[in-house]
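# A closer look at the structure
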Amino acid sequence: MCRVFRHNNVRRAVIGLLGPMAAFVVLTGCTVTVTGLPVAATPPPVTTTTPARPVVSSGPCKYTTTPKFPAPPGKAVGLPTDPDPTPNTGTVTVTLQTTQGAIPLTLDRAEAPCTVQSFLFLVRQKFFDNTPCHRLTADDTLKVLQCGDPTGLGEGGPGYTIPDENPTTLTPAPDAQPGTSVDVYPAGTVAMANTGEPNSGGSQFFLVYADSELPPTYAVFGHTGAPGLATLNTIAAGGIVPGTDPQTGQPETTDGKPKLPVTITNAGVSG
C-alpha cells in the first residue's frame, strides 16, 4: 500500500510490502519512491506473443492506449473522442451518486480541456458506474478521497493515458521550503491522480475535502460545492480502515480504505 511521509514539505509516496498502490513506475522490486500523491497503481503487464503498439488519438489531446495495461474486464471502452479543437470554455455538471450520498461536480473545460473531455467520455461510457472509492487520506496536510479504479486496488485504469495539464492558478503552500514546489489544493477541488511519470493520468481522480498540500502536478479539472463536501465530510468522519506503516511497523490510521464503504453507483452528466 502506498504510504505518505513528509520530507522537506514535499509528500513522497512509497511502495511498501502491504500492497501495490503506485504503478507504471514500479514493475520490479518492492520499494520505490515517487514524488507526490495521490498515485495510481498498475497491475503486472499483460504479455503477448506480439506486443501491441500503443495507439494515439488523432486530435490535439493525443490520448494514448496502454496495451500492456488494459482496462479491467468489462470496462474496456476504447479511446475518447479527440475533437480538434478540443472545447476549452464553459463548464459541465456531473453528479456522482454514491452509497454515501451524492457528489455533484462542476467540470471546468478552461482549466483542463483534455482531462474534462476524457472524464466526460468515461462517464458516458458508464466506466465509473458500480466502482469503489478505494482510498481515503486524513494526514495533517493531505485530505482526499480517491476514486476511479474499477478494481478497487488502486491499480486499475481505462486502458489509455491522458496528457498532463498541470494547474497554474494554485496558491503556494505557506510553509513550503525554498526550492520546493508545493501548492494548496483547496477544499472542493477535483483533480486527476497520476504515477509521477509524465502524461500518466487515466481514470483515477481525487476529491479534496479539506485544504491539502501537493506539488502542482495534478490536473485540476473541476470542483464540488457544499452538497458534495457534506458527503465527503461524512465519509471522512467515518474514519479509515487501519493498516500498518511499512517503515515503522506502527499502526497507520491516516491512509487506507474508508471505513464507510463508498461505491459510485452511477455517474451522469446533468443538464
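### Here's the deal with helix α2 (residues 226-237)
- For α2, spanning 12 residues, the distance from its first C-alpha to its last is 16 Å, which sits close to the expected 16 Å at 1.5 Å a residue.
- Along α2, the residues classified as buried are G228, L229, T231, L232 and I235. Buried residues along α2 cover an arc of 160 degrees about the axis, so they all sit on one side. Residues of α2 that are exposed and point more than 90 degrees away from the buried face comprise A226, P227 and A237.
- Where the residues of α2 are buried, they touch β5 (91-98), β6 (101-108), β8 (135-137), β9 (144-147) and β14 (205-208).
- Of the residues trailing α2, G239 is marked for its positive phi of about 90 degrees.

### Quick notes on the sheet that holds β14
- Pairing is antiparallel in the open sheet, where 10 strands are placed in the order β7-β20-β5-β6-β16-β13-β14-β9-β8-β19. At either margin of the open sheet sits one strand with a lone partner, and together these are β7 (131-132) and β19 (255-256).
- Both β7 and strand β20 (residues 263-270) contribute to a ladder of 2 bridges, which runs antiparallel. Opposite T131, over in β20, you have I264 as the bridge partner.
- Strands β5, β6, β8, β9 and β14 of the sheet are contacted by α2, whose axis makes an angle of about 130 degrees with β6.

Calculation rules
Residue numbering note: each chain is counted from 1, following its sequence as written. Reporting of local features is limited, given that this is a predicted model, to residues whose pLDDT is at least 70; pairs of side-chain atoms are given and counted only at 80 or more, and all residues count toward the totals for whole chains, interfaces and linings. To get the side-chain values, take all heavy atoms of the structure and skip hydrogens and water. Only DSSP runs of H or I reaching four residues or more are called helices, and only runs of E reaching two or more are called strands; each is numbered from the N terminus. Expected helix span is given by 1.5 Å per residue-to-residue step, counting one fewer step than there are residues. Remark: exposure states derive from per-residue accessible area (1.4 Å probe, protein chains only) relative to the maximum for the residue type, with buried under 20%, exposed over 50%, and partly exposed in between. By arc we mean the arc of the directions from the helix axis to the C-beta atoms, nothing more. Contact criterion: two residues are considered in contact whenever any of their non-hydrogen atoms come within 4.5 Å of each other. Pairs of strands are assigned from DSSP output, requiring at least two bridges between the strands. Where helices are involved, their axes are fitted lines through C-alpha atoms of the stretch in contact, as for all axes, and angles between N-to-C directions lie from 0 to 180°.

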